[in-house]
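Understanding the architecture of this molecule
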Amino acid sequence: MRLQRILAAAGISARRGAEALIRAGRVRVNGRAAKLGDRADPWRDDVTLDGEPLRPQRPVSWILHKPRGVISSVRDPEGRRTVLELVPERGARVFPVGRLDRDSEGLLLLTNDGLLAHALLHPSHEVEREYEVVVRGALDAEKRARLARGVRLEDGWTAPARVTRAQHEPKSDTTRFHLILHEGRKRQIRRALQALGHPVRELRRVRFGPLRLGGLARGAARRLEASERRALEALAERVLSRAGDAQSARSSGAKPGRRKRNRRSPHGPRGDAPST
């Protein structure tokens, strides 16, 4: 396991950057100063931070089908029901990865792995989110093309989003479709469709990266299956590898290629951490 993940599992990187600690020489493995990219077995190797042994928690992750009316937060100052109240076991301290607004439902990942959460949430990693959406009116080809190009909101252009499986229901004058995107801002989907003249009636996340909601009942939670854990581990490893390559390039004076962000153009926008 990469050292960054070991620090995250021990709750360290939530307060300080794991990579900065390693570069500063404060992390040691079996008595030797660690380097970025090093790996260790936290259950067999002696991993220390400032001379103190790290005691990592076993990684715990849950898939939850968040119902409407529940807050995507660890706690709520107004006393409203939170997603943590739906987790059937209270042993490990988990937190939601990203958010679904109170009126939205669907797949929400809860974990105690801070590095995994970072890998999934950072906009540069472009992890796909897929939503099943019902809007008022007929979402025609021109409106779908605008979503694919990006929609201008008060806080900038949205990133391109793909519309699939669109079907108009004449009797109720609604359109049901799937929307696939990799970035999000606060209530982005609702605001973008409102701007196009199609208020959202229903919004449900059905996929987050390699994870799928499937037939999980509303309000129910389950631990990740082995195949899902492996898929998330592989994703986190790819992200860390790219981050390590970029860091090496900066250290050597090279300038790694970066995508330009352009909030003013509909042809190449990028956004911030995901939410709906």
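Described in the following lines is the structure provided in the data block. (Residues numbered from 1 in each chain as written. Predicted model: local features only at pLDDT ≥ 70, side-chain atom pairs only at ≥ 80, totals over all residues. Heavy atoms only, no water.)

1. With respect to helix H5 (residues 188-195)
Note on helix geometry: an α-helix contains 3.6 residues per turn, so any two residues three or four positions apart are oriented the same way. Of all 8 residues that make up H5, 6 are buried, and the element is covered over most of its length. Listed as buried for H5 are Gln 188, Ile 189, Arg 190, Arg 191, Ala 192 and Leu 193. The inward-facing, buried residues of H5 contact strand S8 (129-136), helix H4 (141-149), strand S9 (152-153), strand S12 (174-181) and strand S13 (200-208). After H5 finishes, the residue Gly 197 shows a positive phi value of roughly 85°. (Buried < 20%, exposed > 50% of the residue type's maximum accessible area, 1.4 Å probe, protein only. Helix = DSSP H or I, 4+ residues; strand = E, 2+ residues; numbered from the N terminus. Contact = heavy atoms within 4.5 Å.)

2. Describing the sheet that holds strand S4 (residues 52-53)
Overall, antiparallel pairing links the 4 strands, which are arranged S2-S1-S3-S4 in an open sheet. Edge positions in the open sheet fall to strand S2 (32-33) and S4, since each of these has one partner strand only. Relative to S2, strand S1 (residues 27-29) is paired through 2 bridges, and the arrangement is antiparallel. If you follow Val 29 over to S2, its bridge partner there is Arg 32. (Pairing = 2+ DSSP bridges.)

3. Quick word on the pattern of salt bridges
With the rule as written, the count across this model stands at 18 salt bridges. For Arg 187, the salt bridge identified is with Asp 101, shortest N-O distance 3.5 Å. Highlighted residues: Arg 187 in the loop between S12 and H5 and Asp 101 in the loop between strand S6 (95-96) and strand S7 (105-111), separated in sequence by 86 residues. On the basis of relative accessibility, which here comes to 11%, the residue Asp 101 falls in the buried class. Across the pair Glu 154 and Arg 191 runs a salt bridge, and its minimum N-O distance is 2.8 Å. Separated by 37 residues along the polypeptide, Glu 154 in the loop between S9 and strand S10 (156-157) and Arg 191 in helix H5 bring together distant segments of the chain. Among the ionic contacts, a cluster of salt bridges with common partners joins Glu 128, Glu 130, Arg 162 and Arg 207. (Salt bridge = Lys/Arg side-chain N within 4 Å of Asp/Glu carboxyl O.)

4. Observations regarding the packing of aromatic side chains
Applying the stated rule across the entire model yields 0 aromatic pairs. Here the basic side chain of Arg 205 rests over the ring of Phe 208, its NZ or CZ set 4.9 Å away from the ring centre. (Phe/Tyr/Trp six-rings, centres within 6.5 Å; stacked < 30°, edge-to-face > 60°. Lys NZ or Arg CZ within 6 Å of the ring centre and 35° of its normal.)

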